[in-house]
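Architecture at a glance
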Amino acid sequence: MIKAPRPSSFNVADNQGVNTICLRYTLARSSIPTSLAYKIIGASISAWPLKVEDNKPCLYHKAALFNVSEDNELRIWLKDNRVLVNLTNSDSLLSLSPDIAASVQECLTNNIESCLLFHYNSFGRKLKRTQISDLYTMEIGTSCENSVCFTAPEHVMMNERWTCGNGKVHDTRYLRFWLFNKVR
């Protein structure tokens, strides 16, 4: 069992505000059982290599840090009923590949849906694959002041910018990287 807590600076990467796009999955449950958290992190480990710092893998209780590519770092952590995700490019958002971001989002969404389906079916509640999307919501976000502002993917796709609860106007150009453009 992994007992190491994530470092206090885990969700504050260097240059996070200017080089990071964020995702948030909110589950309909009030909390995420530890077993489900381990399945989500474990499935992510099979998709991306863990980052190694000081000769130790960056694997913590309900959190992990991955190297998606040479310049792109992925942070996943679970808190209460949320799965929080940051994708950071070491240079700038201009260097972040839309294909990498969309692939990460699709992989995580499939991972979460498979884990939820397994979890519910294992505990006697039979669900169909089509019912899984009712068990969570996904939002896309960007750094704002000392936090992250989130909005719905549909809003990001339909608008060039949006005004958050802090009154700041955010560009949606890079946030669209999370979503596949199936017309391309």
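Above this text you will find the structure in question.
Residues numbered from 1 in each chain as written. Predicted model: local features only at pLDDT ≥ 70, side-chain atom pairs only at ≥ 80, totals over all residues. Heavy atoms only, no water.

1. Concerning the overall build of the protein chain
Note the following rule: Labels follow the DSSP assignment, with helices taken as runs of H or I lasting at least four residues and strands as runs of E lasting at least two, numbered in each case from the N terminus. As defined in this context, the radius of gyration uses C-alpha atoms, and a globule is described by 2.2 Å times the residue total to the power 0.38. Between two residues, a contact is recorded if the distance between any of their heavy atoms is within 4.5 Å. The method behind every accessible area is Shrake-Rupley, applied with a 1.4 Å probe, and residues are considered shielded solely by the protein chains displayed. Residues scored as charged are limited to Lys and Arg (positive) and Asp and Glu (negative), so that His and the chain ends carry no count. Note that the charge is assigned to NZ on lysines, CZ on arginines, CG on aspartates and CD on glutamates.
When helices and strands are tallied, the protein chain shows four helices and 11 strands. Here the protein chain has a C-alpha radius of gyration of 16 Å; the compact-globule value for 184 residues is 16 Å, and the two agree. For the C-alpha atoms alone, the extent of the protein chain along its principal axes is close to 45 × 40 × 35 Å. Within the protein chain, counting contacts between residues at least 6 apart in sequence, those at least 24 apart form 57% of the total. For the protein chain, the accessible area works out to roughly 9,900 Å², and carbon and sulfur atoms hold 49% of it. Each charge class in the protein chain was averaged separately, 21 positive and 17 negative side chains, and the resulting centres sit 10 Å apart.

2. Some remarks on the nonpolar core
The cut-off we apply is this: Buried Ala, Val, Leu, Ile, Met, Phe, Trp, Tyr and Cys residues form a nonpolar core when they are joined through side-chain atoms within 4.5 Å. With a 1.4 Å probe rolled over the protein chains alone, any residue whose accessible area is under 20% of its type maximum counts as buried; one over 50% counts as exposed, and the rest are partly exposed.
In terms of nonpolar packing, the biggest core is built from 44 residues, with I21, Y25, I76, V83, V85, L116 and W178 touching the most fellow members. Those elements that provide at least two residues to this core are β1 (20–27), α2 (34–47), β5 (63–67), β6 (72–79), β7 (82–89), α3 (98–122) and β8 (136–144). With residues near it in sequence (within four places) discarded, W178 still touches I21, C22, L23, V85, L87, A101, A102, V104, Q105 and I140. Counting residues in hydrophobic clusters, the runner-up holds six residues, among them Y60, A63, L65 and L84.

3. Observations concerning the state of the cysteines
Counted only if it meets this: Our working definition of a disulfide is a cysteine sulfur pair at a distance within 2.5 Å.
Summed over all chains, the structure comprises zero disulfides. Left unpaired, C58 is separated from the closest cysteine sulfur, that of C22, by 18 Å. With no disulfide of its own, C164 has C149 as its nearest cysteine by sulfur position, at a separation of 3.4 Å.

4. Comments concerning the sheet that holds strand β9 (residues 147–151)
Strand pairing in a sheet takes place through backbone hydrogen bonds and is either antiparallel or parallel in direction. Rules: DSSP bridges decide pairing: two strands pair if at least two such bridges lie between them.
With antiparallel pairing, seven strands are arranged side by side in an open sheet as β4-β5-β6-β7-β1-β8-β9. Whereas interior strands pair on both sides, the edge strands pair on one side only; in this sheet they are β4 (59–60) and β9. As paired elements, β4 and β5 share two bridges and run antiparallel to each other. Looking at β5, one finds that L59 is bridged to A64.

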